[in-house]
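Summary of structural features
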Amino acid sequence: MIRSALSLKSAFSRRSTGMSLAILVGLAQVQNCFSGDPAPAPKVISLNSLSMEVNALQMLHQFNFDKEQLEKLHQWAEATVQKDATRKAGKASKEYRDKLLAVRKAMQDAKDGGLIQSLSEDLNAIREKEKPVLDDRVEVTDAAGKRAGELYRLLKPRQLANYLGHIADEVADPLERLQDSMEQVRALNEEEWKEQRDEIAVDISQIIVGLDPARSKGVGEQVVSLLVRARGLSKDQFEKQQAELEKAARKITGDASVEEVLRHHVEVDLASLLSNPRLPQASRALLKSLNDTNLETKP
């Protein structure tokens, strides 16, 4: 009997100790809640990243990719996007940033085309007025260049036609682009020339031969050589040698067909999309929107 009483007393003691510890832990948690420590602030997206994400969303909308294509893009993005680029901080007003956020939200929801268009027009108006400073250029990665042709072949005719309609004013004829560049580079100072010559050469060579690295490099070198020649001429010499320079330009651009030029334009844009560091976030948002829409339409 004594042994049983001791056992009961011991058990009660252990239970009391456990309850006391539980109460202390609870009190400590309540104290933490009212301790005044601020909750971790949500991570603020940089202006450059926000701009790149809106650019990615815009292209996804312009191509009007279906769910299967979006899933493929999202899957590829892990290996194709540009990694760890050092960028200068963007500079823009709060009004511009807020409008960018509004455009992103509307594009992510993908439910109101009129709202997207209206907000995009507002954003363009602010951009023209304010001229924000952004470091949102995307360098095409090797992996993206290799996937671009595959993605092009996944496009349906109406998707290709729809996208070409959006970029019609931006499609450049390679010969005209090279001729214009010979005029433009003559007005650049030495620093501007060094910064822009490779970019100009890549842009023109990719229009001519596409994303093939070896062919693009060879054509790019010819473009730079011709631009150097044009820059080294005086105004009178340049005017006198106009016909000769145009002949050299025609030799570089060759006889690429209209279909080839258009395809190269689209493939380069697809490669840029695949290289965009914010493509994973953009494609994920549109996939979620598609899934939510499908759930809403189910009986």
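Residues numbered from 1 in each chain as written. Predicted model: local features only at pLDDT ≥ 70, side-chain atom pairs only at ≥ 80, totals over all residues. Heavy atoms only, no water.

**Some points on the packing of helix H2 (residues 47-63) against helix H13 (residues 258-275)**
Our working rule: Every angle, taken between N-to-C directions, lies between 0 and 180 degrees, and every axis is a line fitted to C-alpha atoms, over only the stretch in contact when it is a helix. Runs of H or I in DSSP of at least four residues are treated as helices and runs of E of at least two as strands, each being numbered from the N terminus. Under this scheme an angle from 65 to 115 degrees is roughly perpendicular, one under 35 degrees roughly parallel, and one over 145 degrees roughly antiparallel; angles in between are oblique. In this scheme the handedness of a crossing depends on how the near helix is turned from the far one: anticlockwise by less than a right angle means left-handed, clockwise means right-handed. In this analysis, two residues are considered to be in contact whenever any of their non-hydrogen atoms come within 4.5 Å of each other.
Where H2 meets H13, the closest approach of the two axes is 10 Å, and the angle between their N-to-C directions is 135 degrees. Comparing their axes, H13 and H2 come out oblique. In this structure, H2 meets H13 at a crossing whose hand is left-handed. Across the interface between the two elements, Ala-56, Met-59, Leu-60 and Phe-63 of H2 pack against Val-266, Asp-269, Leu-270 and Leu-273 of H13.

**Comments concerning the packing of aromatic side chains**
Aromatic ring pairs are defined here through the distance separating the ring centres and the angle between the ring planes. Counted only if it meets this: Two rings belonging to Phe, Tyr or Trp (six-membered ring only in the last case) form a pair when the distance between their centres is within 6.5 Å. Interplanar angles under 30 degrees mark stacking, angles over 60 mark edge-to-face geometry, and anything in between is tilted. Here's how the labels work: a residue is buried when its accessible area is under 20% of the maximum for its type, exposed when over 50%, partly exposed in between, all with a 1.4 Å probe on protein chains only.
A full pass over the atoms with the stated rule returns 2 aromatic pairs. Aromatic side chains Phe-63 and Phe-65 sit 5.1 Å apart centroid to centroid with 20 degrees between the ring planes, which places their arrangement in the stacked category. For the pair shown, Phe-63 and Phe-65 are each scored as buried. On the numbers, 3.9 Å between centres and 10 degrees between planes, the contact of Phe-63 with Tyr-163 is stacked. Highlighted residues: Phe-63 in helix H2 and Tyr-163 in helix H7 (residues 157-167), separated in sequence by 100 residues. What makes Phe-63 buried here is its relative accessible area of 0%.

**Focus on the layout of surface pockets**
Here is the rule: Space inside and on the surface of the protein is sampled on a 1 Å grid over the protein atoms alone, with a cavity defined as a set of points where a 1.4 Å probe fits but cannot get out and a pocket as an open set with protein on both sides within 12 Å along at least 5 of 7 lines; lining residues have an atom within 4 Å of a point. Grid points are joined across faces, edges and corners, and a volume is the space filled by probe spheres set on the points. Three residue categories are used. Nonpolar comprises Ala, Val, Leu, Ile, Met, Phe, Trp, Tyr, Cys and Pro, charged comprises Asp, Glu, Lys and Arg, and polar comprises the others, including Gly.
Roughly 220 Å³ of internal volume is contained in the second largest pocket. Forming the walls of the second largest pocket are Leu-60, His-61, Asn-64, Phe-65, Asp-66, Leu-70, Ala-110, Leu-286, Ser-289, Leu-290 and Thr-293. Mapped onto the lining of the second largest pocket, the elements with two or more residues apiece are H2 and helix H14 (279-297). Residues belonging to the lining of the second largest pocket are distributed by class as follows: 6 nonpolar, 4 polar and 1 charged.

**Overview of helix H4 (residues 94-109)**
Short version of the rule: Expected span, for any helix, means 1.5 Å times one less than how many residues it has.
For H4, which comprises 16 residues, the first-to-last C-alpha distance of 23 Å matches the rise-based estimate of 22 Å (1.5 Å per residue) to within 8%. Listed as buried for H4 are Tyr-96, Leu-100, Val-103, Arg-104, Ala-106, Met-107 and Gln-108. Count one or two residues on from H4 and you reach Ala-110, which has phi positive near 55 degrees.

**Looking at the side chain of Thr-253**
If you trace the backbone, Thr-253 turns up in helix H12 (residues 242-253). With sequence-adjacent residues up to four places away left out, Thr-253 is seen in contact with Pro-174, Leu-175, Leu-178 and Ile-208.

**Notes on the nonpolar core**
In a soluble, globular protein the nonpolar side chains are often hidden away together inside. Cut-off, in case you're wondering: Take the buried Ala, Val, Leu, Ile, Met, Phe, Trp, Tyr and Cys residues and link them wherever side-chain atoms come within 4.5 Å; each set so joined is a nonpolar core.
In this structure, Leu-60, Phe-63, Phe-65, Leu-73, Leu-270, Leu-273 and Leu-279 are the most contacted members of the largest nonpolar core, which totals 42 residues. Among the elements of the structure, H2, helix H3 (67-80), H4, helix H5 (113-130), helix H6 (142-154), H7, H13 and H14 are those that each provide at least two residues to this core. The greatest single-element share of this core, amounting to 8 residues, is contributed by H2. When residues no more than four places from it in sequence are discounted, the contact partners of Leu-279 are Ala-56, Leu-60, Leu-73, Ala-77, Val-81, Leu-273 and Leu-274. Ranked by size, the runner-up nonpolar core spans 22 residues in total, among them Leu-175, Leu-178, Val-219 and Ala-249.

**Thoughts on the confidence of the model for the chain**
This is how it is decided: Known as pLDDT, the predictor's per-residue confidence is scaled from 0 to 100.
Confidence along the chain averages 86 in pLDDT terms, with 84% of residues attaining 70 or more. Below a pLDDT of 50 lies the segment residues 1-25, which in the model reaches 0 contacts outside its immediate sequence neighbourhood of four places, other chains included.

**A few points about the pattern of salt bridges**
Our working rule: Each reported salt bridge corresponds to a side-chain nitrogen of Lys or Arg within 4 Å of a carboxyl oxygen of Asp or Glu.
Taken as a whole and judged by the stated rule, the model has 16 salt bridges. Ionic pairing is found between Glu-150 and Arg-147, a salt bridge with its closest N-O pair at 2.9 Å. In this pair, Glu-150 and Arg-147 both sit in helix H6, 3 residues apart, roughly one turn of the helix. When its relative accessible area of 32% is taken as the criterion, Glu-150 is described as partly exposed. Put simply, Asp-292 and Lys-288 hold a salt bridge, and the shortest N to O gap is 2.9 Å. Here Lys-288 and Asp-292 lie together in helix H14, a separation of 4 residues that amounts to about one turn. Relative accessible area serves as the criterion here: at 27%, Asp-292 is assigned to the partly exposed category. One network of salt bridges, with partners in common, ties together Glu-53, Arg-104 and Arg-278.

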